[in-house]
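So the chains spell out like this:
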Amino acid sequence: MIKISPSILSADFACLAKEVKAVEEGGADYIHIDVMDGRFVPNITIGPFIVDAVRKITDLTLDVHLMIEEPERYIADFASAGSDIITVHTESTRHLHAVVTAIKKLGKKAGVSINPGTPVSALEEILTEIDLALVMSVNPGFSGQGFIPESLDKVRRVRKMLDDADSKAELQVDGGIKVANIADVAACGADVFVAGSAVYGSDDYGATIRAMKEACAS
Ligand code: DX5
Ligand code: ZN
């Protein structure tokens, strides 16, 4: 069964608790929290204090996606704020192995992400260390962008790398996931799907999450 991780970036922050509860009741598996620093990506969003606030209102897995330069500087803060999975970008640090090791030492699951322009080989040396591989299917920075079709083949190649390495890491895809395209991405071997605008832009969050799961099951 696939997992859906709604991104609160598309939620109404004036009533964040209600928005988190609504996707939880609607069958979300994780809560995806997009952290942006205005340097690694053009946008500025969320800090550890929001993670802490969300932690207080849900027991769902907090799937924290760090789109920040030198994530090593903030790993401890995001861990103590209550993150369950901390994902960093290969492009954001000189010392990927050290960052992944630090995340795991803090008792958290470690994810590693690649941008659309980054080759899958960037994941090769870290594959056996990680709990989650994230293929970005948009250039990170904003929700509501269109899925980059070339990502499908990339997902397929990362799936093969994980299988060949006997890795149990989850394969997550983030950006432009909709009810209409999720089955195609799942067929390439992804198992966790981030969905921002598709869920929070819909009238019925639960119905959208269910439709996504049903699309992959059929
Ligand atoms: C993009 C973020 C995504 C974004 C997804 O930089 O990492 O998580 O919120 O939004 P949608 O699903 O609307 O593309
Ligand atoms: Zn994200």
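Since the structure is predicted, the reported quantities are computational estimates derived from the model, not experimental observations.

Undergrad: Give me the lowdown on helix H4 (residues 96-105), citing residues and values where you can.
TA: Residues Leu96, Val99, Val100 and Ile103 constitute the buried set of H4. Considered in projection along H4, the buried side chains sweep an arc of 95° and stay on one side of the axis. If you follow the buried residues of H4, they end up packed against helix H3 (75-80), strand E4 (85-89) and strand E5 (109-114). Of the residues flanking the end of H4, it is glycine 107, one or two places downstream, whose phi is positive at about 85°.

Undergrad: Which residues make up the packing of aromatic side chains, and what values go with them?
TA: Throughout the structure, instances matching the rule amount to 1 aromatic pair. For the ring pair tyrosine 200 and tyrosine 205, a centre distance of 4.9 Å and an interplane angle of 70° mean the geometry is edge-to-face. On the basis of relative accessible area, tyrosine 200 is assigned to the buried category, the value being 7%.

Undergrad: An account of the coordination of the zinc ion (ligand 2) is needed here, citing residue identities and associated values.
TA: The coordination sphere of the zinc ion (ligand 2), as far as protein atoms go, consists of His32 (NE2), Asp34 (OD), His65 (ND1) and Asp174 (OD), spread over 2.0 to 2.3 Å. With 6 donor atoms in place around the zinc ion (ligand 2) and angles of 70 to 170° between them, the coordination shape is octahedral. Donor residues for the zinc ion (ligand 2) sit on one chain with the sequence pattern H-x1-D-x30-H-x108-D. Residue histidine 32 is found in strand E2 (residues 30-36), and its partner histidine 65 is found in strand E3 (residues 61-67); the two are separated by 33 residues along the sequence. A relative accessible area of 0% means that histidine 65 is categorised as buried.

Undergrad: Can you tell me about the environment of aspartate 34, naming the residues and giving the values?
TA: Among the structural elements, aspartate 34 can be located in strand E2. Among all residues touching aspartate 34, those that are not within four sequence positions of it are Ser7, Leu9, Thr45, Ile46, His65, Met67 and Asp174. In this structure the side chain of aspartate 34 is engaged in a polar contact, spanning 2.6 Å, whose partner is the side chain of serine 7. Side-chain polar atoms of aspartate 34 contact the side chain of histidine 65, separated by 3.1 Å.

Undergrad: Explain the pattern of salt bridges to me, using residue names and the numbers behind them.
TA: Tallied over the entire structure, the rule returns 12 salt bridges. Salt-bridge contacts for lysine 104 lead to glutamate 129; the nearest nitrogen and oxygen are separated by 3.6 Å. Residue lysine 104 is located in helix H4, and its partner glutamate 129 is located in the loop between E5 and strand E6 (132-136); the two are separated by 25 residues in the primary sequence. Residue lysine 104 is classed as partly exposed on the basis of its relative accessible area of 33%. Here glutamate 129 falls in the partly exposed class, since its relative accessible area comes to 27%. Note that aspartate 164 and lysine 160 form a salt bridge whose closest N and O atoms lie 2.7 Å from each other. A residue pair is termed a helical-turn pair when its members lie 3 or 4 positions apart in one helix, as aspartate 164 and lysine 160 do in helix H5 (residues 151-164) at 4 residues.

Undergrad: I'd like a rundown of the pairing of E4, residues and numbers included.
TA: For E4, the tally of buried residues reaches 5 of 5 residues, placing the bulk of the element in the interior. The alternating pattern of E4 places Ile85, Thr87 and His89 and Ile86 and Val88 on opposite faces, both of which are buried. As paired strands, E3 and E4 are joined by 3 bridges and run parallel to one another. When the bridges of E4 are listed, valine 64 appears paired with isoleucine 86.

Definitions and cut-offs
- Residues numbered from 1 in each chain as written.
- Chains lettered and ligands numbered in written order.
- Predicted model: local features only at pLDDT ≥ 70, side-chain atom pairs only at ≥ 80, totals over all residues.
- Heavy atoms only, no water.
- Buried < 20%, exposed > 50% of the residue type's maximum accessible area, 1.4 Å probe, protein only.
- Helix = DSSP H or I, 4+ residues; strand = E, 2+ residues; numbered from the N terminus.
- Arc of directions from axis to C-beta.
- Contact = heavy atoms within 4.5 Å.
- Phe/Tyr/Trp six-rings, centres within 6.5 Å; stacked < 30°, edge-to-face > 60°.
- Donors = N, O, S within 2.8 Å, 3.2 Å for Na, K, Ca; no water.
- Tetrahedral: all angles 85-135°; square planar, octahedral: opposite > 155°, others 65-115°.
- Polar contact = N/O pair within 3.5 Å; in protein donor to acceptor, adjacent residues only side chain to side chain.
- Salt bridge = Lys/Arg side-chain N within 4 Å of Asp/Glu carboxyl O.
- Pairing = 2+ DSSP bridges.

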